[in-house]
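# A structural walkthrough
Spelled out from the first residue to the last, the chains are:
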There are 2 protein chains.
Amino acid sequence: MQRAAALVRRGCCPRTPGPWGRRQSSAAAEAPAVLQVRREPSRRERILTLESMNPQVKAVEYAVRGPIVLKAGEIELELQRGIKKPFTEVIRANIGDAQAMGQQPITFLRQVMALCTYPNLLDSPSFPEDAKKRARRILQACGGNSLGSYSASQGVNCIREDVAAYITQRDGGVPADPDNVYLTTGASDGISTILKILVSGGGKSRTGVMIPIPQYPLYSAVISELDAVQVNYYLDEENCWALNVNELRRAVREAKEHCDPKVLCIINPGNPTGQVQSRKCIEDVIHFAWEEQLFLLADEVYQDNVYSPDCRFHSFKKVLSEMGPEYSSNVELASFHSTSKGYMGECGYRGGYMEVVNLHPEIKGQLVKLLSVRLCPPVSGQAAMDVVVNPPVPGEESFEQFIREKESVLSNLAKKAKLTEDLFNQVPGIHCNPLQGAMYAFPRIFIPPKAVAAAQAHNMAPDMFYCMKLLEETGICVVPGSGFGQREGTYHFRMTILPPLEKLKTVLQKVKDFHLQFLEKYK
Amino acid sequence: MQRAAALVRRGCCPRTPGPWGRRQSSAAAEAPAVLQVRREPSRRERILTLESMNPQVKAVEYAVRGPIVLKAGEIELELQRGIKKPFTEVIRANIGDAQAMGQQPITFLRQVMALCTYPNLLDSPSFPEDAKKRARRILQACGGNSLGSYSASQGVNCIREDVAAYITQRDGGVPADPDNVYLTTGASDGISTILKILVSGGGKSRTGVMIPIPQYPLYSAVISELDAVQVNYYLDEENCWALNVNELRRAVREAKEHCDPKVLCIINPGNPTGQVQSRKCIEDVIHFAWEEQLFLLADEVYQDNVYSPDCRFHSFKKVLSEMGPEYSSNVELASFHSTSKGYMGECGYRGGYMEVVNLHPEIKGQLVKLLSVRLCPPVSGQAAMDVVVNPPVPGEESFEQFIREKESVLSNLAKKAKLTEDLFNQVPGIHCNPLQGAMYAFPRIFIPPKAVAAAQAHNMAPDMFYCMKLLEETGICVVPGSGFGQREGTYHFRMTILPPLEKLKTVLQKVKDFHLQFLEKYK
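Treat the numbers as computed from the prediction; the structure is a model and nothing was measured.

The next thing to look at is the overall build of chain A. The secondary structure content of chain A amounts to 19 helices and 14 strands. Summarising its shape, the C-alpha atoms of chain A cover approximately 90 × 70 × 55 Å along the three principal directions. Looking at chain A as a whole, 64% of its 523 residues are labelled buried. The long-range share in chain A, meaning contacts at least 24 apart out of those at least 6 apart in sequence, stands at 70%. Side chains of chain A carry 60 positive and 57 negative charges; the gap between the two charge centres is 9 Å.

As structure tokens, this is what we get:
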């Protein structure tokens, strides 16, 4: 054994049997075959094709970055190549990407991030003490005091504590437990992870996942990936996209005939629809989930984006806790937040968290196991999340500037929400519900029968046809309602309100002019 | 319509039919039910339980962060609470987390990251010009010149260009196309994404995925999640874990009886086994993949971690390109790299890339679609990846310091690799193949029959029993071989060589003493 081990240690691999070993012939034997084959090159069938690939992945659709966005990219290249168009730039109003639209990052957040990234800066006089305090706290909780170490699969402990403290304060004292907080790679990652654990069964016992229509297409995409059953409930456009529990009942009743409805997804404030749910409505939804034994997913990433003076954000967690023990100790809930929206718009860091309520202890173990396979969420995104839940407080050096920056972003969004709603509703054949929250308008558009026919001739959904024309004629990129789902025969598009105010006015004027010409052309 | 719209715009939702609307009864109807229920609280069955959860997720195992690591956490808490142990600290040698073990970040990398994070620093004299140049280039390619914007789903364009240039240089001029480069959230994310697309079929046509044994458990975990078939091929421990093509033939032949083998995964340099594949062996593997029509996955995250003077890293991409058109234009390959390993050890940023070769154009579209559902990889991780592939060059201000830091990390690792191999091989009943590359030792350990019996009595795998005892008696946390797979009746553990040299010596001495006592106790 010593001799062979010695040989082995020299890094050369003896063909003689190893110390404990069966003899195996060397790989060298294959060489001639290689040479022989090289003589007759030919083109072979691919192994991975549309026919052979995973059919669930093939079935996935994601409109927010779909064909219309690819087209926008092509047009941008044409403009760069100097090809003349009736416009000089493409305006990407298709995705909630605030900083891409010129919104400036929150100074304090980036200061803390820079300090965590390059700790030498902790000695620099040009950074405020409160930012250094946050950075030191985060680094002390990181392995080797570095953002470059893996964190625990569930996220950095002290950041989970800060998230729990934030939730407790947000919900007026309803306690949150750091053990129920999981940091995620953006909210999308948290939502797909929890759905991945929830989905099971085949045939008529396949898991049904209830989602609003219109929806954010992450949901339909993940449901398709997981081969679960999408169960649609329609929001009430006539009641400014309110959620109506009778419609939930209708949806679950019909679903039970072909699947096992187990999950109810809520987006509040709504994306793409912008409604903000009343406390009463949330209570009704929770009661419905209790009654029907549904696991609740509350997508609350727009919780800071509420504009309508008549609306307030109520978290599902808080309302649940106030409905009495029968609910608060039984209803299973996962709620999601993110660094990407709100007033900070830090999409690129892919930061987020998920809070679970009444999750079975054994499932918590399963969740940590599943997360550990991907090791951990980006620690930089976790740090960004920490600043969001632990911002400067009165008396701290950075407080005033932080509040000024935060308020300016939010009041601007509120102005733009009102402006967008008002201007759209002045256009004949466009109706826009109030943008109570989030960052999108989802106006309903009238498409004349002639245009519908033209679309069908191009083998396109009528609203896709409309949005493509809008893009080609104005450079404005919005997403057709068919990418989010809508009632049969109705047509919409989703447009962000993120362009700077003056630019947004131009955009709205262009949409108006386009729409009138469109009606004229196809009347 | 105007009247209703006006009402709607006030943000209050009229119960009267909307302008285009069916009347729907209000959600208010549910309230009494809520009150009624509150009277009789009770504990109900959970919806999400071990019985009802996704069975594929339940089947997932991930040893690197499994029971042994949970135990390590408990022990750390006990130490903090002042509970006496035969040791004062837990040494986490279970995971390749360099910076957690005290390795310092590469200065240049963190400087560029800090500049990208907080662009005000671009005016600071305390940052070198070459770092500022890199940061400006990255920011100019980001929406709104900010890391806070979403990037393209495939990754920032100029970073993909830098990756392609790096690959071209690494492979001695073999061209790489930025369109074939996809930035990822660490290598794990890229590997699971491509496997997700590849997997299909049911029953006997379920996709078979060939993985080495011992393997890195990400593979078995993802295969389980996707309900694919794990096809094991055993590395040849007697030939220092060499890959033998005859064993591949054996594995694929047997697999064809119950599934459709479609993917061959290679880890080079090996994890946990540390072997570095010879060029000849890679050629044989590629020929085998061509012959058997297998899609190749080359996990090359340790490409910078080669220590044995007799070994060199050869990329599958390069060898494939040199085997002639029959191979280079037909064999489908995806290879993976990461910011987490090498000399930089930036695990926390979750940066990585995947290069695809001969991927069908339609599949590229499907891949981008699938990636777009998660929007984009963390842009900070993409920036870190950019610095790794685009480091300072001779003549640039930071070049000397960069090289000094890089060489010091790699030469230290080489020293520790040799030291670990030598010391382990001095212990009776431990045999350790040469650590040619990567960052782990995977020694084979002799476990006496009495200990095997004791383990079975505790319902534990014998090497889990061994590692638990090691942890409890020395505080050293390593991962049992059973978590990676090993030939029936053989036992191993995986230990990182990342602790600082002096600490590593102590660790190895402690393992030796423990092992001798263990043999004595169970002889």
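Residues and elements named next belong to chain B. Ordered in space as β10-β14-β13, the three strands form an open sheet in which the pairing is antiparallel. Of all strands in the sheet, those bounded by a partner on one side alone are β10 (440-441) and β13 (479-480). As defined by bridge partners, β13 adjoins strand β14 (residues 493-496) across two bridges and the pair is classed as antiparallel. Within β14, the residue paired with P480 across the bridge is F493.

Let's shift gears to the packing of helix α16 (residues 399-425) of chain B against helix α19 (residues 501-521) of chain B. Residues and elements named next belong to chain B. Where α16 meets α19, the axes come as close as 10 Å, and the angle between the chain directions of the two elements is 15°. Here α16 lies roughly parallel to α19, going by the angle between them. Here α16 runs over α19; the crossing is right-handed. Along the contact surface, α16 presents K416, L419, T420, L423 and F424, while α19 presents L501, L504, K505, L508 and V511. The residue inventory of the contact of α16 with α19, partitioned by class, reads seven nonpolar, one polar and two charged.

What follows concerns the pattern of salt bridges. Residues and elements named next belong to chain A. Scanning all chains against the criterion turns up 52 salt bridges over all chains. Across the pair E89 and K503 runs a salt bridge whose closest N-O atoms are separated by 3.1 Å. One end of the pair, E89, is in the loop between α4 (67-80) and β1 (91-92); the other, K503, is in helix α19 (residues 501-521), with 414 residues separating them in the sequence. Judged by its relative accessible area of 35%, E89 falls in the partly exposed class. Across the salt bridge formed by E129 and K132, the nearest N and O atoms sit 3.9 Å from each other. Placement of the pair is E129 and K132 together in helix α6 (residues 129-140), with a separation of three residues, close to one helical turn. Among the residues examined, E129 registers a relative accessible area of 44% and is labelled partly exposed.

Moving on to the pairing of β14 of chain B. Residue and element names in this part refer to chain B. Covered by surrounding structure in β14 are F493 and M495 together with R494 and T496, the residues of both alternating faces. Here two bridges tie β10 to β14, and the two strands are oriented antiparallel to one another. Within β14, the residue paired with A441 across the bridge is M495.

What follows covers the environment of K318 of chain A. Residue and element names in this part refer to chain A. Residue position: K318 is located in helix α12 (residues 316-321). As a C-alpha pair, K318 and D171 span 147 residues in sequence and 5.5 Å in three-dimensional space. If we ignore the near neighbours within four places in the chain, the residues touching K318 are D171, G172 and V174.

To continue, consider the sheet that holds strand β13 (residues 479-480) of chain A. The three strands lie next to each other as β10-β14-β13 (chain A), forming an open sheet whose pairing is antiparallel. Edge positions in the open sheet fall to β10 (440-441) and β13 of chain A, since each of these has one partner strand only.

What follows concerns α19 of chain A. All names here are of chain A. In this model, α19 (21 residues) spans 30 Å end to end at C-alpha, consistent with the 30 Å of a helix rising 1.5 Å per residue. If you check which residues of α19 are buried, you get L504, V507, L508, V511, F514, H515, F518 and L519. Taken end-on, α19 shows its buried residues confined to a sector of 130°, consistent with a single buried face. Looking at α19, the residues exposed on the side facing more than 90 degrees away from the buried face are E502 and K521.

To continue, consider the UniProt feature "domain: Aminotransferase class I/classII large" (unreviewed entry) in chain A. Sites flagged by UniProt as "domain: Aminotransferase class I/classII large" (unreviewed entry) map to residues 111-510 of chain A. With 43% helix and 14% strand, the stretch residues 111-510 of chain A has end C-alpha atoms that lie 39 Å from each other.

Time to look at the pairing of strand β4 (residues 229-234) of chain A. All names here are of chain A. With burial as the criterion, only one face of β4 is covered, namely that bearing V229, V231 and Y233; the residues Q230, N232 and Y234 on the opposite face remain uncovered. When strand β3 (residues 207-213) meets β4, the two strands line up parallel, connected through six bridges. Along β4, the bridge assignment pairs I211 with N232.

Our next topic: the domain arrangement of chain A. In many reports, interface size means the accessible area that the parts give up when they come together. Residue and element names in this part refer to chain A. Taken domain by domain, chain A comprises domain 1 (56-90 + 407-522) and domain 2 (107-389). On a C-alpha basis, the centres of domain 1 and domain 2 stand 28 Å from each other. With both chains or domains summed, domain 1 and domain 2 bury close to 2,700 Å², and 58% of this area falls on carbon and sulfur atoms. Note that E237 and R444 form a salt bridge whose closest N and O atoms lie 3.4 Å from each other.

Residue and element names in this part refer to chain B. Following the criterion strictly, the structure yields 28 aromatic pairs over all chains and no others. Both rings, one in Y466 and one in F514, keep their centres 5.1 Å apart while their planes meet at 80°; by these two values the pair is edge-to-face. In this pair, Y466 is assigned in helix α18 (residues 462-474) and F514 in helix α19, connecting sequence segments 48 residues apart. For Y466, a relative accessible area of 0% translates into the label buried. Between Y466 and F518, the aromatic rings sit 5.0 Å apart at their centres with planes inclined by 75°, giving edge-to-face as the arrangement.

Relative to the helices and strands, S372 of chain B resides in helix α14 (residues 361-373). Along the backbone, S372 of chain B and A441 of chain B are 69 residues apart, and their C-alpha atoms lie at a distance of 38 Å.

To continue, consider the state of the cysteines. Inspection of every chain in the model, using the stated rule, returns zero disulfides over all chains. Looking at C259 of chain A, it has no disulfide partner, and the nearest cysteine sulfur is the one in C265 of chain A, 13 Å off.

Our focus in this paragraph is unusual backbone geometry. Here the amide bond leading from N268 of chain A into P269 of chain A is cis, since omega sits at -10°, within 30 degrees of zero. Structurally, the position occupied by P269 of chain A is in the loop between β5 (260-267) and α11 (279-292). Residue P214 of chain B follows I213 of chain B across a cis peptide bond; omega there is 0°. For P214 of chain B, the location among the structural elements is in the loop between β3 (207-213) and α9 (218-225). Backbone geometry places N145 of chain B, a non-glycine residue, at a positive phi of 50°. Summarising the element assignment, N145 of chain B is placed in the loop between α6 (129-140) and α7 (157-170). A relative accessible area of 46% places N145 of chain B in the partly exposed class.

So, how was this worked out
- Every chain's residues receive numbers from 1 upward, in the order its sequence appears when written.
- Chains and ligands are labelled by the order in which they are written, letters from A for the one and numbers from 1 for the other.
- Since the coordinates come from a predicted model, pLDDT governs what is reported: local features require at least 70, and pairs of side-chain atoms require 80 or more to be given and counted, while whole-chain, interface and lining totals use all residues.
- The side-chain quantities take in all heavy atoms of the structure and omit both hydrogens and water.
- Strands here are runs of E lasting at least two residues and helices are runs of H or I lasting at least four, both read from the DSSP assignment and numbered beginning at the N terminus.
- We call a residue buried when its accessible area falls under 20% of the maximum for its residue type, exposed when it is over 50%, and partly exposed in between, using a 1.4 Å probe and counting protein chains only.
- Here, residues are in contact when the closest pair of their heavy atoms is within 4.5 Å.
- Residues counted as positive are Lys and Arg, residues counted as negative are Asp and Glu, and His and the chain ends are not counted.
- In plain terms, the charge of a residue is placed at NZ if it is Lys, CZ if Arg, CG if Asp and CD if Glu.
- When DSSP locates at least two bridges between a pair of strands, those strands are taken to pair.
- Axis definition: a line fit to C-alpha positions, over the contact stretch in the case of helices; interaxial angles, taken between N-to-C directions, run 0 to 180 degrees.
- Geometric relationships in this document are graded by angle, where less than 35 degrees denotes roughly parallel, more than 145 denotes roughly antiparallel, 65 to 115 denotes roughly perpendicular, and other angles denote oblique.
- Helix crossings get a hand from a simple test, with the near helix turned counterclockwise from the far one by less than a right angle marking a left-handed crossing and a clockwise turn marking a right-handed one.
- Amino acids outside the nonpolar list (Ala, Val, Leu, Ile, Met, Phe, Trp, Tyr, Cys, Pro) and the charged list (Asp, Glu, Lys, Arg) are all regarded as polar, and Gly is one of them.
- Here, a salt bridge means any side-chain nitrogen of Lys or Arg that lies within 4 Å of a carboxyl oxygen of Asp or Glu.
- In this scheme, a helix's expected span is set at 1.5 Å multiplied by one less than its residue total.
- Comment: arc refers to directions from the helix axis out to C-beta atoms.
- UniProt positions are given in the numbering used here, feature names are shortened, and annotations may be inferred rather than shown by experiment.
- Each domain's extent was defined by an automatic or database domain assignment.
- What counts as buried area is the accessible surface, traced by a 1.4 Å probe, that two parts surrender upon association, with contributions from both included.
- Stacked, tilted and edge-to-face are the three classes applied to pairs of Phe, Tyr and Trp rings, where Trp contributes its six-membered ring and a pair requires centres within 6.5 Å; stacked means planes under 30 degrees apart, edge-to-face means over 60, and tilted covers the rest.
- For this text, the term disulfide refers to a pair of cysteine sulfurs within 2.5 Å.

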